[in-house]
Amino acid sequence: MLNEKYLVPCATSIIPGNNWLVIAPHQDDELIGMGGTILKHRSKLQNITIVYVTDGSKGGKEAIRNAEAVTVCGHLNAKPIFLEFGDRSLPAKELKLAILAQIEQHKPDTVFVPSPLDYHPDHREITACVWDIAKESTTIFNLISYEISNQGMSNILVNITDEIEEKQNLISIYESQLLNQPYAEYSQIGNRLRSLTLGPDIRFAESFYQFENVSGDIANAVTQYFNNFTFGATDANYVEVTLFFIINTKNEINKNSTLESLSRLNYPNLNLQILSQNAQNIDTDWLLSKFNRIDKIDIMPSESCYTILNQQLENIESDYCLFLKDDDPIETDHIKTLAKDANNHESHKLYCSNKPSTQFNITNDVNIPDFYYDQILPLFTLLIPRRIYSVIKFDTQLPNAAEWDYCLQLIQSNQFHFIEQNGALDEKNKTQLTQSIKSRLQIKWLSTLANLVLNKFDNSSALLELCNLCVNLDQIKASIQICEYAKNTKITDEVCDELLAQLKPRLNDNLQHTKNN
């Protein structure tokens, strides 16, 4: 059986966004479900808009309920909007158009809806409606559900211990509803129960679920969530991964785009190690719910981050590790996809998610000559098993080329399994090797490169293939250097002669073309 840490957060975290749109089916749902969270964030947000969908007529007079909501919104620093659809009689087409209009008008970065598991039919219908809008709207937003009638799906808990008293006072403004049910009492009991996994200092919490992918059907998303609770799910389904986050910038790093991408990672068995000159000063409290543990390692100005990395690699025992730099935001499912594939295959392989952006075809037959021309394996795309990371180290004598050298070591003696996925949030998933870095690598790797060229390109058709791949000066020069080195270390080699005979005229043509231009 899965440990509970995979099923419910064991630490609090923050809610993303600065422009919130709360979809409330009835006048009081917003307070019962997320009143404490709104109170906690009201002074920090640019906008809070609460859209009351129904007229609430099944639970009281519309005019009274609207007036109560207006008063509550005044305390929440929120703007109220009333759509006035019939209570328990929502017209699907009109509802979708009305909510879509609000989203397009306010352009929120975060939209809140009731839990898809809520008892009330209006609540569930509204959530399904917004789900469909999220798939079609040109406005991109975080979709997060909150709990009203009952506990639902949870991957975010917000500490509202300091806000609980004010929340209860605001619920009392809805006098018309308290005549029907003791909603303040129900809400407080639910908030107390949601603090169960958070320790003794947190007495009340509100629960949310951030949907990471709305491309499919909402029913499938719910089913996928509850698959974690099945008897077939065990801790073994989630190999442990340590993520090394390397911060090179000396600028303010708190909550930069890469850190924010970590807060959205959709994988439950993660450790985080942050390496930086100011690691201890980085705020990570808002990331606690995403990681088993977070270690912050300070790097002294005189130290190399690769020296520290080598030391840390000796100290961890995770099944896999992955390296990330402060300019590499990654996709939500990046690690989950890699780890799932690793769990289904051999643990001795390297797993790589990469969308090729060079002329080289990436296959399982990765080879150093191809890599020498252009970097085709950004380090953050690689999930590296313990068998490999415990042995291969960063070369601290190559501070400006340590990552490329590390990849060259990986490629030399390991099998790769490629996955059709782009791990980066942007398109900068290929870093060109500068000539100075190539020169430093060449000193270390030239003999290996030469032998690999001779072993791979051992016939005329293969030689022609290599020549066709060499399309710019750097590539042609690299091939010539490799072949000349190989020829100089052997008594005779027809393969090298044939390759050089084809490459040198192409080099001259390129040089002449460059000179003419």
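All values reported here derive from a predicted model rather than from experimental measurement. (Residues numbered from 1 in each chain as written. Predicted model: local features only at pLDDT ≥ 70, side-chain atom pairs only at ≥ 80, totals over all residues. Heavy atoms only, no water.)

Can you help me understand the overall build of the chain in this one?
When its secondary structure is counted, the chain shows 18 helices and 14 strands. The 517 residues of the chain split such that 54% are buried. In the chain, of all internal contacts separated by at least 6 residues, the share reaching a separation of at least 24 is 80%. When the accessible surface of the chain is totalled, it reaches about 23300 Å², and 48% of it is carbon and sulfur. (Helix = DSSP H or I, 4+ residues; strand = E, 2+ residues; numbered from the N terminus. Buried < 20%, exposed > 50% of the residue type's maximum accessible area, 1.4 Å probe, protein only. Contact = heavy atoms within 4.5 Å. Areas by Shrake-Rupley, 256 points an atom, 1.4 Å probe, with all protein chains shown as cover.)

It is not clear to me how the layout of surface pockets should be interpreted in this structure. Could you clarify?
With a probe scaled to a water molecule rolled over the atoms, the places where space remains empty come into view. For the largest pocket, the calculated volume is near 1300 Å³. The wall of the largest pocket is formed by 44 residues, among which Asn228, Tyr238, Asn266, Pro268 and Lys336 lie closest to the centre. For the lining of the largest pocket, the secondary structure elements donating two or more residues are β7 (205-211), α8 (218-227) and α11 (334-344). No other element matches the six residues that α11 contributes to the lining of the largest pocket. (1 Å grid on protein atoms, 1.4 Å probe; cavity = no way out; pocket = protein on both sides within 12 Å on 5 of 7 lines; lining within 4 Å. Points joined across faces, edges and corners; volume = space filled by probe spheres on them.)

Help me out: how do you make sense of the pattern of salt bridges in this one?
When charged atoms on two side chains of opposite charge get close, those side chains can pair. Using the criterion set out here, one finds 11 salt bridges in the structure. The residue Asp132 makes a salt bridge to Lys135 at a minimum N-O spacing of 3.9 Å. Taken together, the positions of Asp132 and Lys135, both in helix α4 (residues 121-136) and three residues apart, correspond to about one turn of that helix. Given the relative accessible area of 39%, Lys135 is considered partly exposed. Its salt-bridge partner being Glu403, residue Lys325 comes within 2.9 Å of it at the nearest N-O pair. Of the two residues, Lys325 sits in strand β11 (residues 320-325) while Glu403 sits in helix α14 (residues 402-413), which places them 78 residues apart along the sequence. On the basis of relative accessibility, which here comes to 21%, the residue Lys325 falls in the partly exposed class. (Salt bridge = Lys/Arg side-chain N within 4 Å of Asp/Glu carboxyl O.)

Looking at this structure, I do not really get the environment of Ser263. What am I missing?
Locating Ser263 in the fold gives a position in helix α9 (residues 257-263). Sequence-distant contacts of Ser263, defined by excluding residues within four places in its chain, comprise Trp286, Leu287 and Lys290.

I'm lost on the sheet that holds β7 in this one. Help?
Paired through backbone hydrogen bonds, the strands of a sheet run either parallel or antiparallel to each other. With mixed pairing, seven strands are arranged side by side in an open sheet as β3-β2-β1-β4-β5-β7-β6. Unpaired on one side and paired on the other, β3 (79-85) and β6 (156-159) mark the two borders of the sheet. Going from strand to strand, the sheet's axes swing by 25 degrees on average, the running direction of each strand aside. When β6 meets β7, the two strands line up antiparallel, connected through four bridges. Of the residues in β7, the one forming a bridge with Val158 is Glu206. Strands in contact with helix α2 (residues 62-76) are β2 (47-54) and β3; relative to β3, the strand with the most contacts, it is inclined by about 155 degrees. Against the sheet, helix α3 (residues 92-106) touches β1 (19-24), β2 and β3, its axis set at about 165 degrees to β3. (Pairing = 2+ DSSP bridges. Axes fitted to C-alpha atoms, helices over the stretch in contact; angles between N-to-C directions.)

When you look at the packing of helix α1 (residues 29-41) against helix α5 (residues 164-171) in this model, what are you seeing that I'm missing?
Each pair of packed helices can be summarised by the angle the axes make with each other and by the distance between the axes. Close contact between α1 and α5 brings their axes to 9 Å; oriented N to C, the two are set at 135 degrees. Viewed along their axes, α1 and α5 adopt a mutual orientation that is oblique. For the crossing formed where α1 meets α5, the hand is right-handed. Within the contact between the two elements, α1 uses Leu31, Ile32, Gly35, Gly36 and Leu39 and α5 uses Glu166, Lys167, Leu170 and Ile171. In terms of residue class, the contact of α1 with α5 is built from five nonpolar, two polar and two charged. (Parallel < 35°, antiparallel > 145°, perpendicular 65-115°, else oblique. Left-handed = near helix turned anticlockwise from the far one by under 90°. Nonpolar A, V, L, I, M, F, W, Y, C, P; charged D, E, K, R; others polar.)

Mind showing me how you'd approach the packing of α3 against α4 here?
The interhelical angle for the contact between α3 and α4, taken along N-to-C directions, is 55 degrees, at an axis separation of 10 Å. Here α4 runs oblique to α3, going by the angle between their axes. Crossing hand, α3 versus α4: right-handed. Across the interface between the two elements, Ala92, Leu95, Lys96, Ile99, Leu100 and Ile103 from α3 touch Glu125, Ile126, Cys129, Val130, Asp132, Ile133 and Glu136 from α4. Considering only residue class, the contact of α3 with α4 consists of nine nonpolar, no polar and four charged.

Explain the packing of aromatic side chains here, please?
How two aromatic rings sit relative to each other is given by the distance of their centres and the angle of their planes. Per the stated rule, a full pass over the model turns up 14 aromatic pairs. Aromatic pair Phe244 and Phe323: ring centres 5.5 Å apart, planes at 20 degrees, arrangement stacked. With Phe244 in strand β8 (residues 241-246) and Phe323 in strand β11, this residue pair connects regions lying 79 residues apart in the sequence. The class for Phe323 is buried, based on a relative accessible area of 2%. (Phe/Tyr/Trp six-rings, centres within 6.5 Å; stacked < 30°, edge-to-face > 60°.)

Whenever I open this one, α4 confuses me. Can you help?
Because an α-helix completes one turn every 3.6 residues, residues spaced three or four positions apart along the sequence face the same direction. Across its 16 residues, α4 extends 23 Å between first and last C-alpha, which sits within 8% of the 22 Å expected from 1.5 Å per residue. What α4 keeps buried is the set Asp122, His123, Ile126, Thr127, Cys129, Val130, Trp131, Ile133 and Ala134. (Expected span 1.5 Å × (residues − 1).)

Even after reading the chapter, I still don't get the side chain of Asp29, so can you show me in this structure?
With respect to the helices and strands, Asp29 occurs in helix α1. Leaving out residues up to four positions away in the same chain, Asp29 has contacts with Ala24, His123, Tyr146 and Ile148.

I keep staring at unusual backbone geometry and nothing clicks. Help me out?
Note on backbone geometry: most residues besides glycine have negative phi, and most peptide bonds are trans. In the Ramachandran plot, Asn77 falls in the positive-phi region, its phi being about 55 degrees despite a non-glycine side chain. Topologically, Asn77 is positioned in the loop between α2 and β3. One non-glycine residue, Glu84, lies in positive phi territory at about 60 degrees. Within the secondary structure layout, Glu84 lies in strand β3.

Sorry, what's going on with the confidence of the model for the chain here?
Interpretation of the predicted coordinates at a detailed level should be avoided for regions scoring low in pLDDT. Put simply, the chain has an average pLDDT of 81, and 74% of its residues get 70 or more. Confidence drops under a pLDDT of 50 for residues 355-375, and excluding neighbours within four residues, the segment shows 70 contacts in the predicted structure. Contacts from residues 426-430, a stretch scored under 50 in pLDDT, to residues over four places away or in other chains number 12 contacts. (pLDDT = per-residue confidence, 0-100.)

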